[in-house]
Structures are given as structure tokens and as C-alpha cells.
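Listed below are the residues making up each chain.
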Number of protein chains: 4
Amino acid sequence: MGNRKLRMGMIGGGPGAFIGDIHRMAARLDGRIELVCGAFSSDPEKSKKAGEDLLLPPDRAYGSYTEMIHREGELPDDKRMDFVSIVTPNHVHFEPAKLALQNGFHVVLDKPMTLNLAEAQKLKQLVDQTGQVFCLTHTYTGYPMVKEARHLIGMGKLGEIRKIYVEYPQGWLATRLEATGNKQADWRTDPARSGVAGSMGDIGTHAANLAEYVSGLKITRVCADINTIVEGRVLDDDGAVLLKFENGASGVLLASQVAAGEENNIKLRIYGEKGGIEWEQEAANRLLVKWRDKPAEVRRTGNNVSYLSKVAAYNTRTPAGHPEGYLEAFANLYRNFANTVAARMNGEQPEPEWTDFPDAEDGLRGMLFIEKVIESGRSDKKWILMDES
Amino acid sequence: MGNRKLRMGMIGGGPGAFIGDIHRMAARLDGRIELVCGAFSSDPEKSKKAGEDLLLPPDRAYGSYTEMIHREGELPDDKRMDFVSIVTPNHVHFEPAKLALQNGFHVVLDKPMTLNLAEAQKLKQLVDQTGQVFCLTHTYTGYPMVKEARHLIGMGKLGEIRKIYVEYPQGWLATRLEATGNKQADWRTDPARSGVAGSMGDIGTHAANLAEYVSGLKITRVCADINTIVEGRVLDDDGAVLLKFENGASGVLLASQVAAGEENNIKLRIYGEKGGIEWEQEAANRLLVKWRDKPAEVRRTGNNVSYLSKVAAYNTRTPAGHPEGYLEAFANLYRNFANTVAARMNGEQPEPEWTDFPDAEDGLRGMLFIEKVIESGRSDKKWILMDES
Amino acid sequence: MGNRKLRMGMIGGGPGAFIGDIHRMAARLDGRIELVCGAFSSDPEKSKKAGEDLLLPPDRAYGSYTEMIHREGELPDDKRMDFVSIVTPNHVHFEPAKLALQNGFHVVLDKPMTLNLAEAQKLKQLVDQTGQVFCLTHTYTGYPMVKEARHLIGMGKLGEIRKIYVEYPQGWLATRLEATGNKQADWRTDPARSGVAGSMGDIGTHAANLAEYVSGLKITRVCADINTIVEGRVLDDDGAVLLKFENGASGVLLASQVAAGEENNIKLRIYGEKGGIEWEQEAANRLLVKWRDKPAEVRRTGNNVSYLSKVAAYNTRTPAGHPEGYLEAFANLYRNFANTVAARMNGEQPEPEWTDFPDAEDGLRGMLFIEKVIESGRSDKKWILMDES
Amino acid sequence: MGNRKLRMGMIGGGPGAFIGDIHRMAARLDGRIELVCGAFSSDPEKSKKAGEDLLLPPDRAYGSYTEMIHREGELPDDKRMDFVSIVTPNHVHFEPAKLALQNGFHVVLDKPMTLNLAEAQKLKQLVDQTGQVFCLTHTYTGYPMVKEARHLIGMGKLGEIRKIYVEYPQGWLATRLEATGNKQADWRTDPARSGVAGSMGDIGTHAANLAEYVSGLKITRVCADINTIVEGRVLDDDGAVLLKFENGASGVLLASQVAAGEENNIKLRIYGEKGGIEWEQEAANRLLVKWRDKPAEVRRTGNNVSYLSKVAAYNTRTPAGHPEGYLEAFANLYRNFANTVAARMNGEQPEPEWTDFPDAEDGLRGMLFIEKVIESGRSDKKWILMDES
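Residues numbered from 1 in each chain as written. Chains lettered and ligands numbered in written order. Predicted model: local features only at pLDDT ≥ 70, side-chain atom pairs only at ≥ 80, totals over all residues. Heavy atoms only, no water.

J.: An account of the packing of helix α3 (residues 65-73) of chain C against helix α4 (residues 94-102) of chain C is requested, with residue identities and associated values reported.
T.: Residues and elements named next belong to chain C. Viewed as axis vectors pointing N to C, α3 and α4 meet at an angle of 10°, and their least axial separation amounts to 10 Å. By the angle between their axes, α3 is roughly parallel relative to α4. Residue-level contacts link Tyr 65, Thr 66, Ile 69 and His 70 of α3 to Glu 95, Pro 96, Leu 99 and Ala 100 of α4. Residues of the contact of α3 with α4, tallied by class, amount to five nonpolar, two polar and one charged. (Axes fitted to C-alpha atoms, helices over the stretch in contact; angles between N-to-C directions. Helix = DSSP H or I, 4+ residues; strand = E, 2+ residues; numbered from the N terminus. Parallel < 35°, antiparallel > 145°, perpendicular 65-115°, else oblique. Contact = heavy atoms within 4.5 Å. Nonpolar A, V, L, I, M, F, W, Y, C, P; charged D, E, K, R; others polar.)

Here it is, written out as C-alpha cells:
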């Protein structure tokens, strides 16, 4: 790609859509990505307005994603967007992603991958066929200490893994917020836009992905208690899942959006024969490593920390003690994606650290998780297999 | 009883039995209970030796609990023990408790109540019939902040309860410690002495009791994943249980003895419509109260804290900031039991704070929990009812 | 300024200068500032290279700041930089800032303001005379919870302020790092480039500024213990200062760069008649508010938190529980500065939240602090007045 | 002493005197000390009543300490108290301690040692002359993790010590509590009963003792800011002290009783060349050990913790994770004192762990600290030497 920024087009992310701002800040942080165009809303007027607010030229704020993808495709090489970032509700994931891939654009897609498993399977095939770079924004895998945990476990430091606890408690849906005009709550609680799951799709998939990413183990069976607690709501707003992993380890996943008073403290604990790790977003720059017969260790983020793994250090921007947060974790996904895209453009082999972002396979597993835990929630059978058949 | 200390006889608690020491320190702390005799071991020599170490007169260190109960029964009123404290392994709970009750002695009994549910049902009947005072040492209910949480929930401060998470992670059985001569591990992993459950009986019952005590809600259904992780072990050393409560609330109970690096951080979180509470033993003097729309509150132990409930204040000994711990929580059980016994002796009505200790009903529910989670662990059926039929 | 990004030119921030990267990320985050040029190094070749790495056109990477300021001044209105960001060592603060101000550019300047108090006085005069917007990057004032604390105190919630503890412990200079070729350590320990103070200038001024900002009170007297602990070092690497404030409150400031094992956990505690606040960078999204007679409160960052002050909410980007960190605090300075500059350009009155960034007066006070604590460190007199005479 | 409990007589500790209860619980916990008599109040009626409440025989509740010491001295060997525990306000420390020592009784004395330095010097001489065992209850040195810290530093693990921060913030005297009839506040704010210092004597001496105990270093110079913040109060209720230690290390001591909202979180941080330790009472079972180039370690209390020093393990009663608190720390002082007394009685050499409790030398240093910091607070001279001349 030579000496230039990657050009991003955004689909969704207009007024009231908080995640669009997050994606933009994350993309911007490292100075390697430039927002050049967008179809920010299905309402062309709103899209124009958003483009203006984002200081884009009027002709790059499109009235629809189909228009954007086609018109950008006709622009000269030195102007055309390189990739799309799709930040719409779940029911508008598959079509724009498909169109973008088919028209030669790389794709960043918010999670969960699609509205349902069938779409996810098709999208995964398309990614494989087109060979475009695809990133699904399971943000929490972007934290340096999450990567450090994965590294330690991958190196066998904890011995064989036996136990995995992952939880994601939220409280923001403890009342029927969707009845008050809150846009975030509105689509997330609507089956037509969210899919078969509410909380399990919105945050349960984050938790499942984090557990698999750090442990390096696939979930093979689930036994779920799925609840709709707030009256008048259709989709689940709470659940708990017993887990079995491919190596025989067992685990538990908790995800609730009605844990009144909770924010977003996603937390992971993994235990092996020799010790355990503990990480939580609220203290994101700390990784506790507990040992059977030694004092526990406190590992810390920081670009000047001597003992960190290469991959953790690579995903760190500030000296130890200057906290990095959610936006930096998110930015790591964008930066690694961008580096991979740039390597592709330049015909170079990407560094292993660059390709370390969630991909279509992760997205497909997330959709499988959704389908299976919802199936389990409705079943009298104890265990449901996590396979696609 | 007039102006005197209550006289305690101990069954068990000889050399190598850590819990005997704990009981003795707890009983001693407030100066209202005096150890006067014991049958500290099934080996009369060891019992003698223990009596000597404990500065007892030789004739009050008995060779067996039957001898102790009978001989003490023959002593004059002003010398005879008032109650027994039974701190033996589970298989030696029922018989001595029965004998003590039948001979007019009050009973403090370590948990779980008995070797199996049938024994527990019989023991509960005996307690009801004899009318003796009976305390089961679910220690964690003795913490002031646990009582404060129960009070807040009982007052309806959180609104209707929706969600209960309770966990008890330990790591001390992450290796096959029972093969190394460790007495604690030895009997706890032996079905003949421990019963049908290992971890679920030893710590799972503590967690279940804590959840029911604080929420004021009974568990009605369980769905359990019960595991024996360390090779060569017979009983469970790990498990996770999905819970349903009588009001429709759902929950999760985690109990593991193979979470390498963990100590004894039993932790409880309960969420209602308006907020949630969080308590953990590692920060035992703090109760977090989280609210939907207000800053979270940090409530603190302390005999000088103005905002605490009467029951929390009553169970506190030191000014705020001077931490109270496990022994003080344990001592609260003994003190409240002793006050209740003394009121009984004096023909007085005990204060409500005095009778606030786990009783035979709690013990029975613990045994029911054990039977049902083990049954659930072996079943392909998703939910198992928590009733005695 | 119409619908465009502000154009930033950077002085300093070439290879090995960590703070340059930090400034650039902070400036970039909100998409309202664009780096258009720089004099990144006093070595023209290095400056060119840095410009290339930063994807700047070759003609905007200048060989010196004088060249940059003059050449940019000759560019047309729609291309010329709007402000300079100066991120050089202390001895290269005054001259470029002066030149920029005199040539009509606004200025962002890294702290401490200058090499010595005399320079600071002149620079403050220049800012006053030119009327250009000037921001000194005392980053920690950018944290939302720091602003919340200031707000609560300003509203009188704590009553009259009595006690202020502020501390900034670091450990990175616990060995003679400057002898190993570390550029950061090198200039910070050199009087010619750092000024009369080492640790007191580098981090002590941050602590002093934070205390004054949050309390709204000026330091009036100091009594300092100033130490050079690592052998071979010339400037102080450690110190502690007793403080008196204008309202009679007293305080303590700790700053050390040899507290081995510490990172950057700047921490502030302020107590008034009714309660106290506690904030520390390691848990930056939390403000503890302690009360004399009520449970302590935990206030939390989040753009969806209902109880926060307007100013705290305004400086927040993510929902509660998604941590914001050092870069976001830094970005708040840049964003507020940029909003103020844009209002100036558009002839509009800036909102009160926009002008909330450290200015030349803060810078001058920082230099006064440095001079006085170093003077105090050398004096046998107990108290040294903090005035300019 | 043979096979018996040590017999304790108490001076002070009647109604409303919280510290008397604390001493009694601490003395009782381990079952090696028995309260046999007391002069609980200067009012004989109140003393009788207290004796009754404590279940003592009427003839062992004395009307004055002189009566108690003389009458107990006349009792036969197998009945007479072995030692006195003095828990009165400071002005009633010297005389009863002197009388007890002169009459052959060992002494436990609450801190600070005496009303003034002159008394302390005399008392120290008396202890040396009589050879009785003497313990001053600087409770915080009884914590296992405090002893672990002392051990690590003594072993040279941190290298040469450079920096010591110790703080003791309280808020209970943030209002003029002494005017409301609070007995604790009343004598502590009265020079006739407290001595020349208020907060510096009550809690400052604890902090100074903790710093010297753990570091193994003596304070040689002080520079103090001593404040009386609450109107109408005579003695200091707040202060901060710059410290110099015998090896050249510097430090800071903070002690305040007007830090509204604070409880009793005494905290110590010590830094050496290689790392630092951090301990605070609020998390008393944890010792953080921070290293320059390795992950920090979390050391934990527990009688089953393999890596602890012998002295830390010896002072622990419960398995890791079952928190021990203030009363257990206090009980360690009593137990170690009792073991030393018993060894003395039996003509045996006490184990090194047994004699590890604060003694008359510590008490003398505490009184010196009080005199010197108050002198410094009134002086224009920067540094005041900590010597007795």
C-alpha cells in the first residue's frame, strides 16, 4: 500500500448509535486508518448529516450501503475505500458484509456475526472464497493482559486446563428500557433485528469467545438456563451455561443484562493443574496468576515492562501504570487488522502479532453458541452438543 | 444459669484436626463458654493427651463420646457440661449428636449435618422432640456484613430478588493430597466417612446455605455438573449447579476444590429489581451495595458504625477499620448459641439476635442439597426437584 | 473555523521520545485534530524520517522549529497549521513556545512549562499579550473522575477543606538508567535540560497541580525534604513536601522516582469537614467519596451514568464499565483545547467545559513550586513561602 | 509454670472503655491466659460491677490497682495473678506499671508507654532492673504479614532500604466528639490524661513503631507539621512528619484523626534498591511485594501456606483465605508474651518467635517520638534530632 493510511468506509454508526463512535475512535487512534466515507443510516438525510458532523466531503456520505459499495468501487485506486466497517444491528450484518466481500473490500464487522447460524455459515464461506481480510470485533481479546493470559496458557505454564469460569454481568436492561425509546435497547430486544437471542447474543458470545480465545479450547457441550426476567420482553435478558471443553475441562458462563448495578465487568478465570489466571475488565491492566505453591503474581500492562510476552507488549501503547482501556483494546483489533490488510496489499507476509484478531471462524462459533444455548434453554435434555449438524 | 460460663464438652478435635482448634478459639473468644471436657479422639490415649494439652483435668478427657456423655450426665449440676461440640468427620455426626440430645445436652455440630439425608431427617426429628438447642456451624452466616446483606434484602431494599450467584473456589485438593497422609484430605475424599459427596458436601453446602440465608429464599430445583478431576479420587472435587429459587429467581453455585491457587474466597452476589449486593470472605468487612441509578455504597463492619442494622452491629466487636475475620464470625455462632441456651436455662425469651444461627432445618436442607446435586450430576434430566420425597 | 479539523504542527516527538506518540494519539482520538507538519528532531534527517513514518508529505517535516514556524506562517490559510504541540525536553520549551505565540499560533506545551521560573514568567506574559490559546498538559486533570471530585468539592459537598494528601510514586529511576543510554532518563537527570529539579519537576509538579486543581486551593507554603538517592545522579530523584494551603488546610506531597516496583499510581485524597474523596490513576474510573456518617460512595465514569456532574459526563466517551485510561484523559485536554481554539476562530464564546484545561497560570505555578521546593530542600528554615517575590 | 493457664489481672477496662474488651478477647483467644481479677475502674462500685459482668468472684474485683497489687501479692502461689494488663488512659500508666513490677508481676501495658518521656525513662529502668517481662501493645506488629515483611527486609531481599512511607488516617475526631460525652474522645483530647500529644501519641506512635519494627531502622530526625484542626480542641488532632532513618533512608509519617470518612487503615510502604513492600490493615492478610524487574508478588496469611517465613506461620491460626484480623494480631502479642513468661517461670529459654513483641525499649522510643514531633511542630528549625539528650 506504500506510505499511506488505510481508507475506511463505515456502514451504520449514525446518530444515537454509540458503537459507531467507538469504532471510529478505535480506528483513528494509531493514525493508520482514515474514515473516507460512510452509509451511516438507512435514512439518506441522516447519513448526510452524520457525514457532515464527521467532516467528510458531502459526496462520500452515501444514502445506502449498496450505493456506497458500488460508487466506491468506481473510484480510482488512490481514492477508493479499502475496507468497510459494519456497525449496524445484527439483521443488517450479512447483506452488507457479503456485498463488500464480493466487491473486493475487506471487512470489519461488529459481533455477533449475523442474524442466525445459516447466514454465518454462508458468510464464512464467502470470506474463505474471496480471501478478503475479515475481522469480527470481539473487543476483549484486544486487551494486552488477555493476550498475556493466552500466551501463558499456550506455553503450558498452568499445566492441563481443568476449569474455566467466565462471566459478563450487566444491569442496564434491569428495567424495560426498550419501552422508553432507547435505541440501543430497542433493537437488542427485538427478535427481528437481534436474532433468537438477546443477552446471549449481545454479551454471552463475548464471554464464550473470550474463554475459547484465552484457553485455546473449544466448547463442545452446553447446558443452559435461559431467562427472560423483565416482563414484556421477548428475548432472553439473562442466562447461565454449564460448559464442557474439548479436552474434558468443564466451565461455567454467566451473562446477565438484569444484574442491577453492574456495568460491564467481563471476567475470566481459568485453572490448570499448576495454577490459575484471573482477569477482569474493571482492572484491565492487571493479570493475576495464582500458583499452587508460590505467591500469586501480578502481571501488568506497560510498554516498558520487561517480563511481558511479545504479543502483550506489542498491543500496549503506554508505560506501566498509565492505564489503557476499552478504546485501546478496540484499537488493537483495528491496528492488527490494518497491518494485515497492508501486508496483503504489499504482497508481504504479516507478522504473527498482526493476524491476532477474531475472524470468521470465531464469528461462526459465536452463532453456533447462540443457537445451541437457546436450544438448550428450551430443552429438558441436560447436555446439547456444540456442533453444526 | 445465673452468673457463670457455659460448660462445653468436645467430641473430636484431637491432634491434626484443624477444625477442633477453630471451634475452641471461637467458643473461647467472648468469655462465656468454658471447655470442661472432651472425647477428642477415638483413641483413648490420644484423647488423654489432647486433654492435657488443653489444660483439662485428666478425668475430664474421655476415651469415647459415649463414655463422656454418660459420665458427664452423672456429674452434679454445677460441674456437668451443658452442651457438646461435635467436630468429627461426617460419619461420626449422627450417633454422638443423637446420644447427646437424648441425654439432655444441647449440641453444636460441624457441617454437613450427617453422613446422609436419612440420618439428617432423624436428627432433625430428635431436635424437635427433645427441644434441645442445636447449632450447625455454617460459619459464613456469622459475618456481620452477611447479616447486613440479609437485613437489607429482608427489608425489601433491593426489590424482588431475581438472581443469585454464589461461589466457593478452593485449590487445596488440586493434587491427590489424600495419598500423602494429609488427614483433612483423607476423610473428606472417602465415601465411608464423607458421604456421597466430596466438594459439594464440604463447601457446596456452605455456599447453598449462604445463598438461602441471605436471600431468604429456598432452592427448589438444581441442575448440576459434578466432576471428579484428580485421578484416583472417588468423590467429586468440583462442581457447578444451576439453581431455581422458590420465588422464580435463578442462580448459579460454583464449588471447586481443584481451582489451583485459590484459598477460601466464598463470595455471594444477589440482584433484585433495584440493585444488588456483593460480599466475599476475602474482604469480609465490606458489603458492596450497587444501585441501578445511584453510586454504589460501601458498607463496613464496626461497632461504631452508625448506619448498620441492629443485627450487624450486634455481631461486631471492634471499631470500623480494625478487621474482624473468620474466628469472629465463628465466635458469633457460639455466642448466639450460648445466649440462647442461657436464656433457655433461665426460663427467659431469647432476643431475636441470639437465635440467629444455623439450625437443624438448615442442616437438613444441606443434606437434601447434597443428595440432589449428586443425583443431578448423574442424571440426563435437566432439572432435579429439591424436595425430600 | 467552519467544518474542518484543526491542523497541528509538532515540535519534538521524534524517535525514542515516548511522549510524542502519546500526544499524537491523544490529539487524534476525537477526529477533530490533524497532524499536518512537524519539526520532530533537532537533526533534520531524523525529523524527515519521523515525518515519513507519520505519513506526512516530505515538505511538511521541517529541519527545525524556527523553520517550521516561519514556513508554515507563509502557507495559505487553508493549509497552514493552527497550533503547535511542543513535546521537547524542558530546555526547549520557552523558545519555540515564544516563537509560536509571536507568529500567531496557539500552543500546547508539555509540562513543566519552562526550564526555570524566569522563563515561565515571560511566557505567561506573552500568552497574556498575544491572547493565543495555551494549554499545558497536566494530563491527570483530564480524567473524568478528577473533574467529578473537583466538582463535588467546588459545590461544598465536603465542607471546608482541611487536609490534602497527594502522591506520585515511580520506580523507573531506582537504578542509574541514564547511564545505560535511556533517552528518557538522560535528559530528565541533566540540569542543563531539565532545570533545577529532577523528580520534583517531572512528577512533583503533576501532583501539585492535581492538588490545586481538585481542591481549588493554592499552596502557600512548603517544607521539603529533597533527596538524590541513586549515586552519581545530580538532580533530585525523590522528595516529600509538607504543604500549607491558602485557606489554612495542610497537606503532604510525595514524589519519588526510586520507589522500586512502583509504576505511575498518582493518587489524591482530600478531606473536608463532612467527608473525603480518594482517586488514584490505577483505578482511574472510580472516585471514592467517604462520609463521616454514611456509607462511602463509589462514583464511576461512564457516558450513561445518571448521577455524574455535567463536566465529568462531558469528558467521558464510553459506557460505564468500559474503562477509559490515560490516553482518553490526555485526549480530553486536546479536545477541550481544540474546542476553545475553534470557538475563538469562529468568534464564539466557548462552553465552560471547553476551557477546562491547564493554562499558563498553572504552568507558572508549577515552576514556582519547583523553585520553592528545591530552595526549601536546601534550607534549614522550616517553611518557605510560595510567592514569586 | 507447669500445666496451667497464666493468670491475668486487669487495671482499667471498665464500662465504656472499648480497649479493655479488646485486651480480654485477645488474652482469651488461645486458651493460655485466664482473667482472674481486676481493678476495672477508679470507682470501686463500677469495678465490682465489671467483675460481676466478667463472671469473676466478688473478692477479685478490687477497688483500686494498689489494692489489687497488694492483695494479690498475699495470695498463695497457685491462686495469685501472674501478670497485670494495664488498659487505662496514659496518665495512669506509669504508677500501676511501676507498682506491679516492684511487686514481682509481669506487665502488659497499652500504648503509649507513659504520660511523658521522663516517666518512660524511669519505667524502662525499672523493667531492666526487675527483669520482669514487659509488653507494650503496639498491636499492628502482631499481624503475620507485618512479620513477613520484617523478615523479608531483614533477609536483605529488598536491598538497602531507601524510603519508608507510613500513614494512619482516622476520621472519628473530625467533629468535637469530646464535647458530647464520648469517653474515648474525652481523655484522648485532654493534656492532663493524654500528655503533650493527641493524635501523635494515640496513633502516630503506632505508625512510628510499625515503621521501625518492619524496617529494622531507627528514626534519627523529624520535621513535623502538627495541627489542631477542630476548633476548641487543645491537643493536636492531625500531623505529618518528614523522617530520616539511621541508614540515611528518608520517609514520611502521616497521622490524622480528622480525615473524615477514614477508619483505621494504617498502611506501610518500604522501598529498597530491589523492590518494595506494601501492607495495610484493611487487607491485613496480604503482603504485596513489588519488584523492579519481575511481577509483583501477593503473599498471604495462612497456617497452610508453604512459602511463608517461620515467624509469619507461627503467628497464624487459620488456613489461607479465612481472614485473621485485629483481635488475632492482638492475641499474638498476648500469646507471645505468655509463652515468654511461662518459659521464664519454667527456667527455660524462650523460642525466638516468643520474644517477638514490643517491649520497654519500643515504649521509650514512642515517648521520644511524641516529645520530638511536638517540639518540631512548634519549632522554626527544620530538623529535630531524635535523641534523648
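J.: Give me the lowdown on the interface of chain B and chain A, citing residues and values where you can.
T.: Each partner contributes to the interface: chain B provides 45 residues, whereas chain A provides 45 residues. Together chain B and chain A conceal approximately 3,300 Å² of surface at their shared face, both sides included; 52% is due to carbon and sulfur atoms. Per-residue buried area on chain B facing chain A is highest for Arg 162, Ala 260 and Lys 382 of chain B; these three make up 19% of the total on that side. In this structure, the connection of chain B to chain A is made through eight salt bridges. Taken together, the connections running from chain B to chain A amount to 26 residue pairs in polar contact (both at pLDDT 80 or more). Those elements giving two or more residues to the side of chain B that touches chain A turn out to be β6 (161-169), β7 (219-227), β8 (238-245), β9 (250-256), β10 (267-272), β11 (275-280), β12 (286-291) and α12 (360-378) of chain B. Grouping the constituent residues of the side of chain B that touches chain A by class yields 17 nonpolar, 11 polar and 17 charged. (Buried area = accessible area lost by both parts, 1.4 Å probe. Salt bridge = Lys/Arg side-chain N within 4 Å of Asp/Glu carboxyl O. Polar contact = N/O pair within 3.5 Å; in protein donor to acceptor, adjacent residues only side chain to side chain.)

J.: Any details on the environment of Tyr 65 of chain B? Residues and values, ideally.
T.: Residue and element names in this part refer to chain B. Note that Tyr 65 resides in helix α3 (residues 65-74). In this structure, the C-alpha to C-alpha distance between Tyr 65 and Met 10, residues 55 residues apart in sequence, is 8.7 Å. In contact with Tyr 65, other than residues within four places in its own chain, are Ile 11, Ala 39, Val 92, Glu 95, Pro 96 and Leu 99.

J.: Provide a residue-level description of the pattern of salt bridges, including the pertinent values.
T.: Going through the model one piece at a time under the given rule, you end up with 132 salt bridges over all chains. In this structure, Glu 361 of chain A engages Lys 124 of chain A in a salt bridge whose closest nitrogen and oxygen atoms are separated by 3.9 Å. Taken as a pair, Glu 361 of chain A in helix α12 (residues 360-378) and Lys 124 of chain A in helix α5 (residues 117-130) lie far apart in primary sequence, 237 residues in all. The class of Lys 124 of chain A is buried, set by a relative accessible area of 17%. Asp 202 of chain B serves as the salt-bridge partner of Lys 111 of chain B, at 3.2 Å between the closest nitrogen and oxygen. Pair noted here: Lys 111 of chain B is in the loop between β4 (106-109) and α5 (117-130) and Asp 202 of chain B is in helix α9 (residues 199-215), with a separation of 91 residues, a long-range link. This pair shows no difference in class: Lys 111 of chain B is buried, exactly as Asp 202 of chain B is. (Buried < 20%, exposed > 50% of the residue type's maximum accessible area, 1.4 Å probe, protein only.)

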